[in-house]
Amino acid sequence: MDKATISVKQGSERSFGIIFSIVFLVFSFYPSFSYEQVRLWALVVSVLFFLISILQPSMLKSLNFLWFKFGMLLGRIISPIVMGLVFVFAIIPTGIFIRLMGKDPLQRKFLKNKNSYWIPRKTSRQSMKNQF
């Protein structure tokens, strides 16, 4: 089985630095919402990230690459888990409910006395020229 590959482009160092600057800025001022002191170390890191991203973004190249690889790793781990949870909590209960109601939307039951499973068309064929 051949896996489909999707090309993902890594973001720029400048945008990486600005985003991390904003994250550390929010992290530094978050305690002030509950009347605590501002985290000065996070404020310093925020200012450093901002200055580096504006003045010398190439310094953030290795951090940006590591963050990108970490995101790709998380995607490989989290995606199958989320899709499995969606299947277990949405698809399986829906299938069980439909079976309990006695429905067969795909008409998969085998009928011995039926000559053909072909479903006759209810409307006539029309031109594909004006589809919409």
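In this convention, every chain numbers its residues from 1, walking through the sequence in written order. Totals for whole chains, interfaces and linings use every residue, but because this is a predicted model, local features are given only for residues with pLDDT of at least 70 and side-chain atom pairs only at 80 or more, for both listing and counting. No hydrogens and no water enter the side-chain calculation; it runs on all heavy atoms of the structure.

Asks: Sorry, what's going on with the packing of helix α1 (residues 13-29) against helix α3 (residues 61-100) here?
Replies: What describes two packed helices is the angle between their axes and the distance between those same axes. Whenever a helix is involved, its axis is fitted only over the stretch in contact; in every case the axis is a line through C-alpha atoms, and angles between N-to-C directions fall within 0 to 180 degrees. Secondary structure follows DSSP: runs of H or I at least 4 residues long count as helices, runs of E at least 2 residues long count as strands, and numbering of each begins at the N terminus. Running from N to C, α1 and α3 cross one another at 80°; their axes reach a closest spacing of 9 Å. By the angle class used here, α1 and α3 are roughly perpendicular. Packed against α1, whose contacting residues are E13, F16 and F20, the element α3 presents K61, L63, N64 and W67 at the interface. In this scheme, roughly parallel covers angles under 35 degrees and roughly antiparallel covers those over 145, while 65 to 115 is roughly perpendicular and the rest are oblique. Any pair of residues with heavy atoms lying within 4.5 Å of one another is described as a contacting pair.

Asks: I'm lost on the side chain of N64 in this one. Help?
Replies: When you line up the elements, N64 lands in helix α3. At 2.8 Å, the side chain of N64 forms a polar contact with the backbone oxygen of G11. Residues within four places of N64 in sequence aside, it is in contact with Q10, G11, S12, E13 and F16. We define a polar contact as two N or O atoms separated by no more than 3.5 Å, with the added condition that, inside protein, one atom must be a possible hydrogen donor and the other a possible acceptor, whereas residues neighbouring each other in sequence contribute only through side-chain atom pairs.

Asks: I'm lost on the nonpolar core in this one. Help?
Replies: Buried together is how nonpolar side chains tend to be arranged in soluble globular proteins. Among buried residues, the Ala, Val, Leu, Ile, Met, Phe, Trp, Tyr and Cys ones that are joined through side-chain atoms within 4.5 Å form a nonpolar core. Throughout this description, buried means an accessible area under 20% of the type-specific maximum (1.4 Å probe, protein chains only), exposed means over 50%, and partly exposed covers the range between. In terms of nonpolar packing, the biggest core is built from 6 residues, these being F16, F20, F24, A42, F49 and L60. Put simply, the parts of the chain that give this core at least two residues each are α1 and α2 (40-55). For this core, the leading source of residues is α1, giving 3 residues. Among residues more than four places away in sequence, those in contact with F24 are W41, A42, V45, S46 and F49.

Asks: Can you walk me through the packing of α1 against α2 in this structure?
Replies: Running from N to C, α1 and α2 point in directions that differ by 165°, and their axes come no closer than 8 Å. Comparing the axis directions of α1 and α2 gives the class roughly antiparallel. Of the two possible hands of crossing, α1 and α2 adopt the one that is left-handed. Contacts between α1 and α2 involve R14, F16, G17, I18, F20, S21, F24, L25, F27, S28 and F29 on the former and, on the latter, W41, A42, L43, V45, S46, F49, F50, S53 and I54. Class assignment for the residues of the contact of α1 with α2 results in 14 nonpolar, 5 polar and 1 charged. Note on convention: the crossing is left-handed when the near helix lies turned anticlockwise from the far helix by less than a right angle, right-handed when the turn is clockwise. Under this grouping Gly is polar, as are all residues other than the nonpolar Ala, Val, Leu, Ile, Met, Phe, Trp, Tyr, Cys and Pro and the charged Asp, Glu, Lys and Arg.

Asks: Help me understand α3, please; the structure alone is not making it clear to me.
Replies: An α-helical turn contains 3.6 residues, so any two residues separated by three or four positions project in the same direction. Helix length check: α3, at 40 residues, gives a terminal C-alpha distance of 57 Å against a target of 58 Å (1.5 Å per residue), a fit within 8%. Two axes enter the bend calculation: one fitted to the seven residues ending at the residue in question, the other to the seven starting there, and the bend is the angle between them. The sharpest bend along α3 comes to roughly 35°, located at F87. Phi turns positive one or two residues past the end of α3, at G102, with a value near 80°. Here, expected helix span is obtained from the residue count minus one, scaled by 1.5 Å.

Asks: Would you explain the packing of aromatic side chains in this entry?
Replies: Aromatic ring pairs: the centre-centre distance and the angle between the two ring planes describe each pair. For Phe, Tyr and Trp, where Trp contributes only its six-membered ring, two rings pair if their centres lie within 6.5 Å, and the inter-plane angle classes them as stacked under 30 degrees, edge-to-face over 60, or tilted in between. Counting across every chain of the model gives 10 aromatic pairs. Between the aromatic rings of F24 and F49, the centroid separation amounts to 5.9 Å while the plane-to-plane angle is 10°, which identifies the pairing as stacked. A residue pair is termed long-range when its members are at least 10 positions apart, and F24 in helix α1 and F49 in helix α2 qualify at 25 residues. Of the two residues, F24 and F49, neither departs from the other in class, the shared state being buried. Joined through ring pairs, the aromatic side chains of F16, F20, F24, F27, W41, F49, W67 and F70 make up one cluster. Definition used: whenever NZ (Lys) or CZ (Arg) falls within 6 Å of the ring centre and also within 35 degrees of the ring normal, the charge is taken to sit over that ring. Seen from the ring of F27, R39 lies directly overhead, with NZ or CZ sitting 4.4 Å from the centre.

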